[in-house]
Amino acid sequence: MSVALINNPKKVVEIADELEAFFHVLLYYAVRYLDSNCVDVAAYIERYFEAYQIDNGQYRCGNSKSYTITTGELQISAGTDLMFNSVIDRVLRTILRWLKAHYAVRKHEDSQKGSASVSHPNRPVVARPRKTTAIARNIDTSLYMDGAADVPGAPSETTIVDAYKLRRHDALIEFLVACLNAAKWSKHDKVP
């Protein structure tokens, strides 16, 4: 499950939640079955996938998964990146960058909901991506317009574009197809 759904079970499931769940499944199987620098796979799986917190009697996402999604850092331990030395590194890190951006944009939007009506009554939360990619053309940007980038703490255009890639399935599908077609996958990347 996505960090957002674990922390708020009443949240409506969005495409971004589905794609984050896909990322977690992909990560699980990569750690479990592909050769990597993770020496203790069982401990990593326990820490990342099974750990949780309890806050006021409510179950919340564990620290490792929350940290990974909000920082975009995929680590075995502090300062040690999880590495597979294969194309799966690019796949995981790209999806993780999009997830980090999604959470950054959502966090900023949530923080501006109350203050937007007071400090910036006619201004949206963040700037609309100026890039005219297929992804940007296919998303609802009615809440975003040029000139809003001066809102304090507003995400960068790059962050906004990355976050929008999780509003539909297309970007991930296109990215995965490109990786499958262009990359040379090692035939010897499985755990013996």
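Quantities reported herein were computed from a predicted structural model and do not represent experimental measurements.

**Some thoughts on unusual backbone geometry**
Part 1 of the reasoning: The phi torsion at N56 lies on the positive side, around 55°, for a residue other than glycine.
Part 2 of the reasoning: Relative to the elements of secondary structure, N56 occurs in the loop between β1 (52-55) and β2 (58-61).
Part 3 of the reasoning: Take N56: its relative accessible area is 81%, and that puts it in the exposed class.

**Comments concerning the nonpolar core**
Part 1 of the reasoning: The biggest cluster of nonpolar side chains holds 34 residues, and the ones touching the most others in it are F23, L27, Y44, I69, L82, F84 and L92.
Part 2 of the reasoning: At the level of elements, α1 (3-7), α2 (15-33), α3 (41-50), α5 (87-119) and α8 (170-182) are the ones that each hand at least two residues to this core.
Part 3 of the reasoning: The leading source of residues in this core is α5, at nine residues.
Part 4 of the reasoning: For F84, the contacting residues outside a window of four places in its chain are A30, V31, L34, D35, S36, D89 and L92.

**Thoughts on the environment of E46**
Part 1 of the reasoning: Mapped onto the elements, E46 comes out in helix α3.
Part 2 of the reasoning: Measuring from C-alpha to C-alpha, the distance between E46 and S64 comes to 9.9 Å, with 18 residues separating the pair along the chain.

**With respect to the packing of aromatic side chains**
Part 1 of the reasoning: Tallied over the entire structure, the rule returns seven aromatic pairs.
Part 2 of the reasoning: Relative to Y33, the ring of Y29 lies with its centre 5.9 Å away and its plane at 10°, an arrangement referred to as stacked. Here Y29 and its partner Y33 are both found in helix α2, four residues apart, which amounts to about one turn of the helix.
Part 3 of the reasoning: Aromatic side chains Y52 and Y59 sit 5.1 Å apart centroid to centroid with 65° between the ring planes, which places their arrangement in the edge-to-face category.
Part 4 of the reasoning: Through pairs of rings, three or more aromatic residues link up here, namely Y28, Y29, Y33, Y44, Y48 and F49.

Conventions we followed
Residues numbered from 1 in each chain as written. Predicted model: local features only at pLDDT ≥ 70, side-chain atom pairs only at ≥ 80, totals over all residues. Heavy atoms only, no water. Helix = DSSP H or I, 4+ residues; strand = E, 2+ residues; numbered from the N terminus. Buried < 20%, exposed > 50% of the residue type's maximum accessible area, 1.4 Å probe, protein only. Core = buried A, V, L, I, M, F, W, Y, C linked by side-chain atoms within 4.5 Å. Contact = heavy atoms within 4.5 Å. Phe/Tyr/Trp six-rings, centres within 6.5 Å; stacked < 30°, edge-to-face > 60°.

Treat this as a map of the structure, not an account of what it does.
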